[in-house]
Amino acid sequence: MCDLRRPAAGGMMDLAYVCEWEKWSKSTHCPSVPLACAWSCRNLIAFTMDLRSDDQDLTRRIHILDTEHPWDLHSIPSEHREAITCLEWDQSGSRLLSADADGQIKCWSMADHLANSWESSVGSLVEGDPIVALSWLHNGVKLALHVEKSGASSFGEKFSRVKFSPSLTLFGGKPMEGWIAVTVSGLVTVSLLKPSGQVLTSTESLCRLRGRVALADIAFTGGGNIVVATADGSSASPVQFYKVCVSVVSEKCRIDTEILPSLFMRCTTDLNRKDKFPAITHLKFLARDMSEQVLLCASSQTSSIVECWSLRKEGLPVNNIFQQISPVVGDKQPTILKWRILSATNDLDRVSAVALPKLPISLTNTDLKVASDTQFYPGLGLALAFHDGSVHIVHRLSLQTMAVFYSSAAPRPVDEPAIKRPRTAGPAVHFKAMQLSWTSLALVGIDNQSKVLSTRILAMKASLCKLSPCTVTRVCDYHTKLFLIAISSTLKSLLRPHFLNTPDKSPGDRLTEICAKITDVDIDKVMINLKTEEFVL
């Protein structure tokens, strides 16, 4: 099931719609198969599923969903030999990268600019080595949104261009296109797309002593370098960082790697919680172009903890003896790069998915203060999904909770507040993958169940009824129902909860119940059962 939410008053997220697929038996679900999800700047969502049977394997298919027309779902028979592990859109939103557990990477592009027609003409392969991280090379374009100028009428005043170098340039300074991927065995592979259509591919080890890479993420520096973060999945092992430099020498792609400072999660150094969180389950840079801040999540079978770290330059103390021998050292103190923890959460329920903001908001002290005073949330909040079905929006730096809501399939008890929700007897429906939109104003989540999109069935029934003269009269009925569903969704979107922690049922749900019980057509008698403060535009 796919949930899409949009912002409401008070920092909450309001449910826009739910896309459901036909239920399969539990034996067809593959819990070990990770779900991949990516949201393009054109509001196209690409995602995968964890359904597999003897007849068909949906783990190798890519599903494309237009957020403006969610009833039109297109599935790409990707011809991947194993389950898809990574999806990544380019900055134009017209090309999509997919990678699988066999080391195959494919580049998809729109055919004739149609969202329901895709073709793959180029790709690369690291035979038998699953891909755990994937990204397009940076094109050198970076913007920053200044919150203090968000009220300006001119678009150019709100955003400023940040000096940033592309990962690789052609003659004349034009950015070179391509992608970079990290494999489970510790290899980094880079493919470059030349203007002639030729693909230059090179593979190199991240370090001399290769080890298993369970988690990885990729970020870029302003100087054109690439930073790769890796973890073997154990919280007792360090999180390693590597600098990757890509160049073209004699018409061949060349990769140079360098080891950067590593870190141990703070929860592993605390004697009271040393063995409480044995596994690192999530590793992400806070932004693709922000390699100096990383988010880590360590988990047990029932709980998790999230930490935010920052890479800083710190002075290296020098003994007085050396300062006297070399006065230059005393004038300019040497510095080193060191990871420092910014913030950490308390013990949480087990985290199932993380979504980071894509809005390039400026993080200066002035902008952060204005954002705090004006309650400007887009770009400052990241989403954490939990196994109990809840989703928390937390501040990207302080990790303080800003909002809490529940997935449509996981209603919470009436008498219990959100934070103290008891565990259900059966397995809860939770999000396995999430993505925030490019404006950070909407959130999509893919959960661990699947059904058929109801509005899509109505559209298919209407099309089928047109084929027979006996049923052509029913076409208008189906189209009318689709129209009424759209009106109902629009009217429900005008209702807003007046408390941050909403009760069990939203105002829209209560209005539906009231309309079902009261047969009176007098609108005043219906609306008197609702609270007036819930009607906020």
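This structure is a prediction, so every number in the text was calculated from the model and none was measured.

J.: Go over the packing of aromatic side chains with me, naming the residues and quoting the values.
T.: Scanning the model with the defined rule gives four aromatic pairs in all. Seen from their ring centres, Trp136 and Trp179 are 6.1 Å apart, and the 90° between their planes marks the pair as edge-to-face. Separated by 43 residues along the polypeptide, Trp136 in strand E11 (residues 131-136) and Trp179 in strand E14 (residues 177-183) bring together distant segments of the chain. Judged by its relative accessible area of 0%, Trp179 is buried. Each member of the aromatic cluster is reached from another via a ring pair, and the members are Phe241, Phe285 and Trp339.

J.: Please set out the UniProt feature "repeat: WD" (unreviewed entry) in the protein residue by residue, giving values where relevant.
T.: Annotation from UniProt places "repeat: WD" (unreviewed entry) at residues 77-110. With 0% helix and 59% strand, residues 77-110 has end C-alpha atoms that lie 14 Å from one another.

J.: Explain the pairing of strand E7 (residues 84-89) to me, using residue names and the numbers behind them.
T.: Within a regular beta strand, the side chains point alternately toward one face of the sheet and then the other, so they alternate between its two faces. Counting buried positions over the six residues of E7 gives five, a clear majority of the element. Pairing of E7 with strand E8 (residues 95-100), which is carried by five bridges, proceeds in the antiparallel orientation. In the sheet register, Cys86 faces E8, and the bridge partner there is Ala99. Hairpin geometry of E7 and E8 is characterised by an intervening segment of five residues between the two adjacent antiparallel strands and by a positive phi of about 75° at Gly93.

J.: Please provide a residue-by-residue account of the sheet that holds E14, values included.
T.: Spatial ordering of the open sheet is given by E11-E14-E15-E16, a layout of four strands whose pairing is antiparallel. A strand with exactly one partner marks an edge of an open sheet, and here the two such strands are E11 and strand E16 (199-205). Along the sheet, successive strands turn relative to each other by an average axial angle of 15°, direction set aside. Pairing between E11 and E14: five bridges, direction antiparallel. Bridge pairing links Ser135 to Ile180 in E14.

J.: Can you lay out a nonpolar patch on the surface for me, pointing to particular residues and giving the numbers?
T.: A grouping of Phe483, Leu484, Ile487 and Leu491 is seen on the molecular surface, where their side chains present a nonpolar patch of about 400 Å² in accessible area. Phe483 gets classed as exposed once you look at its relative accessible area, which sits at 55%.

J.: Go over the sheet that holds strand E9 (residues 104-111) with me, naming the residues and quoting the values.
T.: Here four strands make up an open sheet; going across it, the order is E7-E8-E9-E10 and the pairing antiparallel. Edge positions in the sheet fall to E7 and strand E10 (114-125), since each has one partner strand and no second. Between one strand axis and the next, the sheet turns through 25° on average, direction left out of account. Taken together, the five bridges between E8 and E9 define a ladder with antiparallel strand orientation. From the neighbouring strand, Leu96 faces E9, where its bridge partner is Trp108.

J.: With reference to specific residues and values, describe the pattern of salt bridges.
T.: The tally for this structure, following the rule as stated, stands at eleven salt bridges. Of the charged contacts in the structure, one is a salt bridge between Arg288 and Glu88, with a shortest N-O distance of 3.4 Å. Taken as a pair, Arg288 in the loop between strand E21 (279-287) and strand E22 (290-299) and Glu88 in strand E7 lie far apart in primary sequence, 200 residues in all. Classification of Arg288 by relative accessible area gives partly exposed; the value is 29%. With a shortest N-O distance of 2.4 Å, Glu251 and Lys194 are connected by a salt bridge. Of this pair, Glu251 sits in the loop between strand E19 (239-249) and strand E20 (252-263) while Lys194 sits in the loop between strand E15 (187-193) and E16, placing them 57 residues apart in sequence. Look at the salt bridges and you will find they share partners, linking Glu88, Asp217 and Arg288 into a network.

J.: Go over the side chain of Ser304 with me, naming the residues and quoting the values.
T.: As for its placement among the helices and strands, Ser304 is situated in strand E23 (residues 303-315). By relative accessible area, which is 0% here, Ser304 ends up buried. Within the structure, Ser304 has its side chain in polar contact with the side chain of Ser299 (distance 2.6 Å). In terms of polar contacts, Ser304 uses its side chain to reach the backbone amide nitrogen of Val351, at 2.9 Å. If sequence neighbours within four positions are ignored, Ser304 has contacts with Phe277, Cys297, Ala298, Ser299, Asn346, Asp347, Leu348, Asp349, Arg350 and Val351.

Calculation criteria
Residues numbered from 1 in each chain as written. Predicted model: local features only at pLDDT ≥ 70, side-chain atom pairs only at ≥ 80, totals over all residues. Heavy atoms only, no water. Phe/Tyr/Trp six-rings, centres within 6.5 Å; stacked < 30°, edge-to-face > 60°. Helix = DSSP H or I, 4+ residues; strand = E, 2+ residues; numbered from the N terminus. Buried < 20%, exposed > 50% of the residue type's maximum accessible area, 1.4 Å probe, protein only. UniProt positions renumbered as here; feature names shortened; annotations may be inferred. Pairing = 2+ DSSP bridges. Axes fitted to C-alpha atoms, helices over the stretch in contact; angles between N-to-C directions. Patch = residues over 30% accessible without salt bridge, like charges linked within 9 Å, V, L, I, M, F, W, Y side chains within 5 Å. Areas by Shrake-Rupley, 256 points an atom, 1.4 Å probe, with all protein chains shown as cover. Salt bridge = Lys/Arg side-chain N within 4 Å of Asp/Glu carboxyl O. Polar contact = N/O pair within 3.5 Å; in protein donor to acceptor, adjacent residues only side chain to side chain. Contact = heavy atoms within 4.5 Å.

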